[in-house]
Every structure is written in structure tokens, then in C-alpha cells.
There are 2 protein chains.
Amino acid sequence: MNQADALAELARLVPAEVLSTDADIVESYRHDQSRWGDAGTPLCVARPKSKDEVESVVRWAAKHRIPIVPRGAGSGLSGGASAIAGCVVLSLERMTRIVEIQRDAMYAVVEPGVLNGQLKAATKELGLWYPPDPASFEFSTLGGNVATNAGGLCCVKYGVTVDYVLGLEVVLADGSRIRTGGRTRKNVAGYDLTRLFVGSEGTLGVVTEITLRLRPAPPPAQTLVATFDSLAAAGQAVAHIVKSCDPSLLEIMDQASIRAVEAHQPMDLDTSAAAMLFARSDAPKGAEPRRIREACEAAGATTVFVTEEEWEGDMFLHARRLAFPALEKLGATLVDDVAVPVHLLTEMIRRIERVARETGARVATVGHAGDGNLHPLVLYDAKDPADEARAQKAFRTIMMEAIALGGTITGEHGVGTLKKGFLPLQLGEESLAVQRRVKETFDPLGIMNPGKVI
Amino acid sequence: MNQADALAELARLVPAEVLSTDADIVESYRHDQSRWGDAGTPLCVARPKSKDEVESVVRWAAKHRIPIVPRGAGSGLSGGASAIAGCVVLSLERMTRIVEIQRDAMYAVVEPGVLNGQLKAATKELGLWYPPDPASFEFSTLGGNVATNAGGLCCVKYGVTVDYVLGLEVVLADGSRIRTGGRTRKNVAGYDLTRLFVGSEGTLGVVTEITLRLRPAPPPAQTLVATFDSLAAAGQAVAHIVKSCDPSLLEIMDQASIRAVEAHQPMDLDTSAAAMLFARSDAPKGAEPRRIREACEAAGATTVFVTEEEWEGDMFLHARRLAFPALEKLGATLVDDVAVPVHLLTEMIRRIERVARETGARVATVGHAGDGNLHPLVLYDAKDPADEARAQKAFRTIMMEAIALGGTITGEHGVGTLKKGFLPLQLGEESLAVQRRVKETFDPLGIMNPGKVI
């Protein structure tokens, strides 16, 4: 059967509004937010509104051996949702129902297209909280968050997406539908397929329903901002803080980031500082903010400021949140996402700086310091091939340095296509072979987001 | 090759002290702590001291298609470590090295035979803490804790074993060795095989090294004990507490348990109470203990007692910890391990009581109330077949009730052989088929703890 006939068949299987072959629409689903990678042109885009429609699309794709690229909001940074030539992009963006919020047992059941921020808002009204807060929370979907095991700022205390996924409904590569996990916080009945699907970037199945654990609303927080005249001092403060406190946020910006933010929006930041730390404590009023302050001072902070006012704290964090947009104004950016054991944070930043010097690339680093998770942004001029080559080299070398320090090439963004070539270096061939066998077990035809991750 | 020749071959592959065929020793490795289940007689027991020796045993077993039953301390309650006729029991009890404790990044690398309590003690000396605290923590191994994804009392706030496993080294069924995960808190490089191995009860591979996340030493805690004249009232208090507080422990005992403890060791417990709750708050001194007290009072607690003294709190918790030994004095016991969403806790306890009435079995319930995880202990006279039959019926019916409430047949003890027949009822055939495919992927010869879990 040729492609036209296959498309005609799909058009008979799903309502007209689900299927789109319009060139402009198809083009708009070709890329996620990653740079590089050669996204192919999809055969079509399917935007189902129901599980049954997802099933129909998957069964059809399996029958015709057509690759499926599942997609949430397309806000991924690693190419996990970028299209493959001749694929069906299966966008879950129209499955936006919050099925249930159970107030007493504190869980929510949602469709994958619900935005992270929508669930946050809906739970907040009930005095509850869904913690994971990737920077994209206002526009990324929970399905996408599950696919990448998204992190964020609060995970230093409250964990990442996988820590909140109690159960899933998944359409497998043959179109069959299974449930994993459940609604209880503890559950050891059989293999933990839930956690296997989380972070699998759409390569093992299509998630059609998610049961998420919720928490009580977070207590009010105090915010601390500190500047340091050396990275070593900032790193030492981080080490002290994580060992003696339980901060609900602990972020770092290097000098290049501070300067970019200040240039983007003057807010009187100390552009001579080597690094800034942002910390939050939501422990009940007591010793913790003082201990964080003392840790910063003991490490040689040049200034420390603490506020109990939430609005003022938010204002400070605004500087951290501005880092990405500010840096993106300076050129094309490659967002890296390495993580190391937290005692090696300073060493990792040092190596990033060395890579920048040695390659001649411009690199600015922000990160979730408390988790040892850094986002070096490599800046380049997209019109200058030599500059782009430098950026690529820096990007690659930074990953190698993370591996050398016993770290990971991706803490929270995923492997996608961007980092696929580096996965063997981190995992080793034997471990990768097992990963491949797992993939084949779930997707013997190789149609689920092929060419991604492994 | 016959068994004698195979044994002779193994004797050449490993040092003499590793292999044992002595009938008394073999017999002592036949059972774990579970009742029922027809454990077979092992061909031999292997107690390796190194990864290489584990590899040798597994390669030998694979070559001869001899089933491997991995085993820690043999303290499991579900038959996961019970022997299979003609198997090699692969005991990891001699791999007891704490390889590394990294103070600053707060992780530990251990061999699987290290006791949970040993790691707790070693980390405590450094001002650190390994939270998971199964009741067996003094004599169960970390390898066994990983195999069953063990929980405990503190998990209502601090999570279960899987929440602490950063990485593993595993010898696969063919004798090859892989590493999963790493040493960072965030890591999304490839499929999360670490979490797939955790809780897999030795059916996917043999864990030879574990990297565990640690936390700073826990702050001092206040302890609260409350009595209730109805289960409904206690359940209501639990629901309030988990929604408004973050207790570090929240346990329940029903009347039968209270009476058994008081009979076992008189300590002036109110034997007329329908239920007792035990709660701990390790939030910095402040409002939380008061809020827990208020939640109990609002739910109609007949007495509430709070203490800041750790020794006094420990004394109260002693009553909870005595429940198992006290009940075991009354006859043979079957320890069940169901979990339900926490708003259905009271309903689950009611159903347990109804099952006891309808089957005529004696059932006493204690549990991790904050997680909705209950341990109904079914008592019976092991010499009275009719009584044992009643106990079996009650045990089975309680699992069915948990499934009916959207819960799980096992919250933290595992499936083993004891609950294997019930797994299909909870998971459904399609999901179970996927579990079987995963098993076949890792163990195509079917030699890794065959007949367990699925």
C-alpha cells in the first residue's frame, strides 16, 4: 500500500479533525525546541482527543510500519519530539482533561496534554500542590514531563517527575493498552513498568493517562541571595548547605549569566561577582535560613540578602529565570544539561570554563546547584559556521567532562537525538545492549520514536 | 552432565569456602521467613565474597540451566528467597563491604550483604542518614531491601528504598555485568534500569553493588500517641494529618493488636480503644505537632499525648514495634501487606474486620497509616488444618478487597511465591504479559529465581 492509500485509510479510522496533512501544519510539527538534528518531514500530524483515537493511530501505524513521534508541547530541548521523515507526529496536545483530583488521598488523574501549570493551578485551588516545576511549566505538558522525567527548581527538596508518577495508562507499539502502577504511594506488585516508561521519551509507548501524587500546599518560603567572588567559594557554600539544610531551591548563576541578565534588564546585579547563589527555605520559621546564610558567609560570600517576603523573593528569582531569555538574545544557544555528584560542582564549572577557553566558545552557566545539575549555555552565531563548529565542540567536550567526573550527560532534558551519540560513552556497551533489548521488547517493529535515545 | 559433575565443576571454579553441599547447611537455606509455599531442596549453596565469584556461579548456572535463587538475610515474608528444587541458593551475605561513604555528595556505595542497620550506624557517625527502615532493619541486607523495594516506618515522609537507589551493578542471567544509573541525584540518560531492578526480587539479575543516596542526620522529633474509640475516627485523623502536615511517621494499631501487645508486655495501653495512632514530627520546633494533635482531637480522639523527649517517644513506639512479636506468640501468623489510597484506609480496615468475621479467622491489623499500607496478621493454629484453611481464605479475601478498592496486594513485602497467584488479578492479563516479556528479555533461559513474582 502506498502512502496515499495508507493516509486514506487513517482518514477513515479517525474523525476528520484528528488528521492533518496540510503542509504548513505538518511543517510546524517538524521540530521541538532543540537545535541541530535533522528533523525529517512528517507524513501527517494526528491530534487525537481520546485514548481510542490514539489506539487507532498506533494500530494503523503498526500495520503500515509508519514511525510514530509522540509529542506534547514540543518544548523539549534534546530532539526527542523532532519529526522523522515519513512519520506520523502523534500530538497529545488535545487530550487536556483533568480527569480527577482526589483531595484526601492527594492524587490527580490527568490526560497527557494537560499543561504542568494547569495542574498546578487546579491543585492550588484545593490547597494541594504538584511540585515538579521545569522552567517550561507554563507551556509544557505533563505527558512531555513524564516522557523526559522533567526536573526543575524545587527538585532539590521535592524530587523530579518520576517521584510523583503513581501510575500510567500506555498504548503500546502494537496498539494494545495497559495500566501500570496504581493510586497507592507504595506498590511492589510486579516490575516497576511505571518508572521504566517515565523518561523513555516516547520510545516504548504512548502515555494516555497519568496518575500523579500531590502534596499539601507548600509552606511560605524565605529567599536568600548571595554573591561570591570565586566559583570555589560558591561551590563550598553549596556543599555546606546541602549537608546541613534541606533547601527547597538552590540555584547558581555564573558571571557570564549575571552579566547577560543585567544587560538584558538592569536590576543592579553585581556584575563583578564570579557567581550568585539563590536559595529558598520553606522549613517552618526557624533556624534554616540562618544556617544557609551562615554557610554562605563561612564560604566567603561578598553579600548575602535574606527576605521573608514572597514577592521580594520572587523578584530575586526573576533574575535567575531571566538567564535563559537574556542569553538567547545574545545569539543562538545550545542548552546543555549535565549533572555531577554535588561535591564536584565547582570542579565541573571549572572544567566548563576551561572548555570555553580552549574551544573559544562563549559559555554561560546556570544550574540547579543543589542537585549538581548544570545548564551550560553555549552561545554562537548561527550564520557563522566556524562559530557553530566551536559551539558544537564545546557542547560535546562538556559532556565528556561530565562523564569523566562520574556524572551524566543529561540530568533532566533527555537524550533525544542531540545526545544520542554520547549515551554509549556514559553507559558502556554492555549496559547499552541491555537498553536496546528493552527497546526491542516493547517495540519489536521499531516504530516508536525510532532513532531517539538509543 | 549430571548434577554431581556439574557440582564438581563449580567446585573447581570458586574457592572451597564459597560452595556448600552439606545437608544441614543446604536445609538452612531452603526457606525465607514466609509461611506456606513449597520450598524445594537446593542442589547447593554458594556464598561468594566477590563479584567475580558471583559471576562464576551465574555463568556456571547458565551453562547447566540450574536455577539461581539469590538471597540476602532470608528475612523476606513472601517466599521470594525460598529455594527451588535443584537450585543454587546464591547468598550474598558475605559481601559485606561498605565500599565508600561520600560525605559531601552524600552517597554510599555498598555490597549487597551489608545490613541496613550497619549502613545506618556507619552513616550516623558521619552526621548522615540512610532513611529506609523496614522492621527488619537490624538483620535484613541492603541487597534484600533493594530486591523487595523495602519500605518501613519513615517512608511516609522519606520514601522507600527505590527513592534512595542511585545506581546498581548487576550480574545478568548470562553472567555479564552491567552498571545502571550513577552517583548523581538527577539522571535521565537512557531507560531507568535501576528502578526496574529494584523490587524485581532477584528475577532479573543479581545485584552486586548498590549506590545509595544519603541525607543529613534527621532533626529531633516529637512523638504523639492518640487513642480512638472507633476506627472511623482514627481514619479521619489520618486523613487530616496527611493533608495538613508532613509527619515523619504515622502508624496505626487496631484493638486486636493493642490487646496482644498489652498481654505480651503490660504497659498500661487502653485495651478498650478501637485504634491507636502513633505520629512523629521532625519539623523544626513549631506548629506541626500541635496541628497533628488538633487533627486527632477534631476526629474525636479519646486521649492524645505528645512528648518532645526522644526516649519517651521511643518507648511509645516500642508498643507499635512489639505488635508483631506479641501476635506471633498467639499462634502461627500470616503477614499480609496490602495498600490502598489513604482516603480508603478506614474502609480497608472495615473490610478486613468483615473478612475476619465472615471467615472466622483471627486477624489483627497494624500498619503504616500515612501510606495507606496495612499489615493484617492472620493468626492460626498450624496444627489445625481447618484453622489454617480459614486463615488462608481470610488472607486471600483481604487481597481481593484491596484490589477492589483500587489498592495493591503488596505495598512493601513483595510478591514472591505467596502472592504470585494474585498478581494477574491486580495487573490484568495484558499488563502481566508485558511483565513476562520483560522477564524473558533479561532471563531468556528462565534461571533467575524462576517461579517467583510472575
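- Named according to an unreviewed UniProt entry, chain A is FAD-binding protein originating from Pendulispora albinea.
- What UniProt records for chain A under Cofactor (unreviewed entry) is the sentence "FAD".

Things to note about the nonpolar core
Okay, so step 1: The biggest cluster of nonpolar side chains holds 190 residues, and the ones touching the most others in it are Leu193(A), Phe228(A), Cys296(A), Phe442(A), Leu193(B), Phe228(B) and Phe442(B).
Okay, so step 2: Dropping the residues within four chain positions of it, Phe228(A) is found in contact with Ala233(A), Ala234(A), Ala237(A), Ala273(A), Ala274(A), Ala275(A), Leu277(A), Cys296(A), Ala299(A), Gly300(A), Ala301(A) and Thr302(A).

Some thoughts on the interface of chain B and chain A
Interfaces are frequently sized by the accessible area removed from exposure as the parts join.
Okay, so step 1: Across the boundary between the two partners, chain B contributes 77 residues, which contact 77 residues of chain A.
Okay, so step 2: For the pairing of chain B and chain A, the buried interface totals around 6000 Å² over both sides, and the portion due to carbon and sulfur atoms is 58%.
Okay, so step 3: Three residues stand out in chain B for area buried against chain A, namely Lys186(B), Val188(B) and Tyr191(B), and they jointly supply 17% of the buried area on that side.
Okay, so step 4: The interface formed by chain B and chain A holds 12 salt bridges in total.
Okay, so step 5: The residue Asp163(A) makes a salt bridge to Arg195(B) at a minimum N-O spacing of 3.6 Å.
Okay, so step 6: Across the chain B-chain A interface, the total number found is 23 residue pairs in polar contact (both at pLDDT 80 or more).
Okay, so step 7: Residue composition of the side of chain B that touches chain A, by class: 33 nonpolar, 25 polar and 19 charged.

What to know about the relation of the copies chain B and chain A
Each of the two chain copies can be generated from the other by rotation about an axis followed by a shift along it.
Okay, so step 1: For the match of chain B to chain A, the screw axis carries a shift of 0.0 Å, the RMSD comes to 0.0 Å, and the turn is 180°. What the rotation and shift describe, once combined, is the action of a two-fold rotation axis.

Some details on the UniProt feature "domain: FAD-binding PCMH-type" (unreviewed entry) in chain A
Okay, so step 1: Taken from the UniProt record, the annotation "domain: FAD-binding PCMH-type" (unreviewed entry) applies to residues 38–217 of chain A.
Okay, so step 2: This span, residues 38–217 of chain A, is 22% helix and 24% strand, and a straight line between its end C-alpha atoms measures 43 Å.

Here's the deal with the sheet that holds strand 4 (residues 88–91) of chain A
Residues and elements named next belong to chain A.
Okay, so step 1: One open sheet accounts for four strands, arranged 1-2-4-3; its pairing is mixed. The outermost strands of the open sheet, each flanked by one partner alone, are strand 1 (19–20) and strand 3 (68–71).
Okay, so step 2: Together, strand 2 (44–46), strand 3 and strand 4 form the strand contacts of helix 3 (residues 51–64), whose direction differs from that of strand 4 by roughly 160°.

Examining the pairing of strand 6 (residues 107–110) of chain A
All names here are of chain A.
Okay, so step 1: Neither face of strand 6 is exposed, since Tyr107 and Val109 on one face and Ala108 and Val110 on the opposite face are all buried.
Okay, so step 2: Here four bridges tie strand 5 (residues 98–102) to strand 6, and the two strands are oriented antiparallel to one another. Counted as the bridge partner of isoleucine 101 is alanine 108 from strand 6.
Okay, so step 3: Between strand 5 and the antiparallel strand that follows it, strand 6, lie four residues; methionine 106 among them carries a positive phi value of about 55°.
Okay, so step 4: One ladder, built from four bridges, connects strand 6 with strand 10 (residues 206–213); its direction is antiparallel. Across the sheet, the residue bridging to alanine 108 is leucine 212, located in strand 10.

Describing the sheet that holds strand 3 (residues 68–71) of chain B
Residues and elements named next belong to chain B.
Okay, so step 1: Strand order in this open sheet of four strands is 1-2-4-3, and the pairing throughout is mixed. Single-partner strands in this sheet number two, and they are strand 1 (19–20) and strand 3.
Okay, so step 2: In this structure, strand 3 lies alongside strand 4 (residues 88–91), joined through four bridges in parallel fashion. Across the sheet, residue isoleucine 68 finds its bridge partner in strand 4, namely valine 88.
Okay, so step 3: Here helix 3 (residues 51–64) sits on the sheet in contact with strand 2 (44–46), strand 3 and strand 4, set at roughly 160° to strand 4.

Some thoughts on unusual backbone geometry
Okay, so step 1: One non-glycine residue, Asn149(A), adopts positive backbone phi at about 55°.
Okay, so step 2: Residue position: Asn149(A) is located in the loop between helix 5 (142–148) and helix 6 (155–158).

Section: helix 8 (residues 231–244) of chain A
Okay, so step 1: Along its 14 residues, helix 8 of chain A runs 20 Å from first to last C-alpha, staying within 8% of the 20 Å computed at 1.5 Å per residue.
Okay, so step 2: Within the span of helix 8 of chain A, buried status applies to Leu231(A), Ala233(A), Ala234(A), Gly235(A), Ala237(A), Val238(A), Ala239(A), Ile241(A) and Val242(A).
Okay, so step 3: Buried residues along helix 8 of chain A sit in contact with strand 12 (222–228), strand 13 (249–254), strand 14 (275–281), helix 10 (288–298) and helix 12 (345–359) of chain A together with strand 11 (215–216) of chain B.

A short note on the confidence of the model for chain A
Okay, so step 1: Put simply, chain A has an average pLDDT of 96, and 99% of its residues get 70 or more.
Okay, so step 2: Overall fold confidence for the complex sits at a pTM of 0.97, while the interface term, ipTM, reaches 0.96.

Digging into the pattern of salt bridges
Residue and element names in this part refer to chain A.
Okay, so step 1: Under the definition given, this model contains 68 salt bridges over all chains.
Okay, so step 2: Linking arginine 293 and glutamate 297 is a salt bridge whose minimum nitrogen-to-oxygen distance equals 3.3 Å. In this pair, arginine 293 and glutamate 297 are both assigned in helix 10, four residues apart and thus about one turn of the helix distant.
Okay, so step 3: Using a relative accessible area of 29% as the deciding quantity, one classes arginine 293 as partly exposed.
Okay, so step 4: When its relative accessible area of 41% is taken as the criterion, glutamate 297 is described as partly exposed.
Okay, so step 5: Several salt bridges share partner residues, and in doing so they unite Lys51, Asp52, Glu55, Arg59, Glu169, Arg177, Arg179 and Glu209 into one network.

What to know about the environment of Ala83(A)
Residues and elements named next belong to chain A.
Okay, so step 1: Tracing the sequence through the fold places alanine 83 in the loop between strand 3 and strand 4.
Okay, so step 2: Overall, alanine 83 belongs to the buried group, its relative accessible area being 5%.
Okay, so step 3: For the pair alanine 83 and alanine 135, spaced 52 residues apart in the sequence, the C-alpha separation amounts to 23 Å.
Okay, so step 4: Residues contacting alanine 83, with those up to four places away along its chain left out, are Tyr29, Arg30, Ala39, Gly40, Pro42, Val69 and Val89.

Topic: the pairing of strand 14 of chain A
All names here are of chain A.
Okay, so step 1: With seven of seven residues buried, strand 14 lies mostly within the body of the structure.
Okay, so step 2: Residues Ala275, Leu277, Ala279 and Ser281 line one face of strand 14 and the alternating positions Met276, Phe278 and Arg280 line the opposite face, and both faces are buried.
Okay, so step 3: Alignment of strand 13 against strand 14, held across six bridges, turns out to be antiparallel. Directly across from leucine 249, in strand 14, lies its bridge partner arginine 280.

What counts and what doesn't
Residues numbered from 1 in each chain as written. Chains lettered and ligands numbered in written order. Predicted model: local features only at pLDDT ≥ 70, side-chain atom pairs only at ≥ 80, totals over all residues. Heavy atoms only, no water. UniProt positions renumbered as here; feature names shortened; annotations may be inferred. Core = buried A, V, L, I, M, F, W, Y, C linked by side-chain atoms within 4.5 Å. Buried < 20%, exposed > 50% of the residue type's maximum accessible area, 1.4 Å probe, protein only. Contact = heavy atoms within 4.5 Å. Buried area = accessible area lost by both parts, 1.4 Å probe. Salt bridge = Lys/Arg side-chain N within 4 Å of Asp/Glu carboxyl O. Polar contact = N/O pair within 3.5 Å; in protein donor to acceptor, adjacent residues only side chain to side chain. Nonpolar A, V, L, I, M, F, W, Y, C, P; charged D, E, K, R; others polar. Least-squares fit on C-alpha atoms with pLDDT ≥ 70 in both. Helix = DSSP H or I, 4+ residues; strand = E, 2+ residues; numbered from the N terminus. Pairing = 2+ DSSP bridges. Axes fitted to C-alpha atoms, helices over the stretch in contact; angles between N-to-C directions. Expected span 1.5 Å × (residues − 1). pLDDT = per-residue confidence, 0-100.

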